[in-house]
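The lines below spell out each chain.
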Amino acid sequence: MAATQYDRLGFPIPAEFDPLPVEPTFNRAAASRGSRNGQRPSSPKRMLLAAVAGLVIAPLVLFPAVMPAVREAVVEWSLRRAIAHEGRGYLGWAVKDVSRAIDWIDPSDAGREQRSRLLCWRAMLQIEDHRARQGLSDADRAAGTAPTAVQPQRVRALALSVLGDFDGALEAAQMAVGLAGEGDPEALNHRAYMRALANRDLEAALDDINRALEGSGEGSPEFLDTRGYVLHLLGRQQEALDDLNIAVGAAQDDRRRLLLLAGHVDEDEFAYRLRATDHGLAVMLHHRGLACQALGLAAQAEQDFATAKNKGFDPSAGVW
């Protein structure tokens with residue numbers, strides 16, 4: 001009798017596959033029953049092979065079908081964790097959460113825009129965590145992933161400003177305007193603010209922010225803050241203070257309205273929004289402090305500077 005043969009999984013090859021004639025001891029009764037039922041006779045070996053085949057083949061068939069749902073679930077869970085961690089200032093953990101989400105995004109072109117947005121988010125987290133070069137690298141990747149998207153250029157400009165490369169920052173801000181359109185209020189405000197941070201082209205910056213305010217039609221506190229800062233740099237301190245008082249007042253009203261939601265909305269989302277609101281208010285208070293200082297209002301300036309620092313004002317972290 002030939003030696004037992006084994007398949008590639010290490011299981012013995014059943015007798016049915018043996019090229020030699022069937023042994024006389026073959027169970028003809030069992031074979032007869034199987035023939036009458038139109039089935040081949042079963043055996044423990046055959047059942048084991050069928051089970052193994054099911055374990056191997058089923059995942060290959062089902063995996064592609066369920067993978068999109070698995071990806072979506074992992075990404076959603078990761079982003080919820082990122083919001084929770086960022087809202088509480090755990091930036092390193094938030095970076096890991098966003099990184100996990102990026103790794104699980106659909107690798108095809110369908111996930112390109114989402115990947116770019118998440119790279120921008122991770123870049124902002126890196127900048128705030130005093131890792132501006134890593135943030136710039138993420139922003140560059142985001143721009144390469146979605147070349148026509150505006151946000152990567154805006155984040156690049158901020159990262160370059162933090163790194164002191166104002167030439168590069170202004171170039172990125174100009175690219176953002178070109179991608180968004182010359183009349184886009186957000187892009188104009190961004191370019192005006194980058195010019196103010198660089199302390200360059202201030203008259204052009206004032207023109208940008210005036211056009212942005214005309215285009216928004218809402219008297220946005222963020223836009224008024226930009227104009228107030230530009231006016232301060234131009235030496236027009238009373239006009240600057242007027243704009244900044246309105247901006248700070250509106251931002252404080254927004255914060256009070258947000259506080260009314262405490263206990264009535266998801267606490268992670270609430271912490272995330274409150275932190276972002278406080279950072280925006282910190283920047284406005286610092287700018288108002290500069291205008292007050294220039295006007296000789298030392299006590300008010302000192303108070304604004306202290307409150308701004310307490311709420312997170314930190315140029316090295318991109319909060320400026």
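Bear in mind the structure is a predicted one, so any value in this text is a computation, not a measurement.

A.B. asks: Honestly, the environment of I246 in this entry has me stumped. Any pointers?
C.D. replies: Mapped onto the secondary structure, I246 falls in helix α11 (residues 237–259). A C-alpha to C-alpha distance of 8.5 Å links I246 and D225, two positions 21 residues apart in sequence.

A.B. asks: Where do I start with unusual backbone geometry in this structure?
C.D. replies: Most of the time, phi is negative for any residue but glycine, and the peptide bond is trans. Positive phi, close to 55 degrees, is recorded for N199, a residue that is not glycine. Within the secondary structure layout, N199 lies in the loop between α8 (185–198) and α9 (202–216). With a phi angle near 50 degrees, D201 is a residue other than glycine that sits in the positive phi range.

A.B. asks: Could you clarify how one ought to interpret the layout of surface pockets in this entry?
C.D. replies: Leftover empty space is mapped by rolling, across the atoms, a probe with the size of a water molecule. Each pocket or cavity is described by its volume, and for the largest pocket that value is around 1,400 Å³. M124, E222, A276, G280 and G318 are the residues nearest the centre of the largest pocket, which is lined by 38 residues in total. Taken together, the elements giving at least two residues each to the lining of the largest pocket come down to α4 (112–128), α6 (151–162), α8, α10 (221–233), α11 and α12 (267–294). A per-element tally of the lining of the largest pocket places α12 first, with 9 residues.

Conventions adopted
- Residues numbered from 1 in each chain as written.
- Predicted model: local features only at pLDDT ≥ 70, side-chain atom pairs only at ≥ 80, totals over all residues.
- Heavy atoms only, no water.
- Helix = DSSP H or I, 4+ residues; strand = E, 2+ residues; numbered from the N terminus.
- 1 Å grid on protein atoms, 1.4 Å probe; cavity = no way out; pocket = protein on both sides within 12 Å on 5 of 7 lines; lining within 4 Å.
- Points joined across faces, edges and corners; volume = space filled by probe spheres on them.

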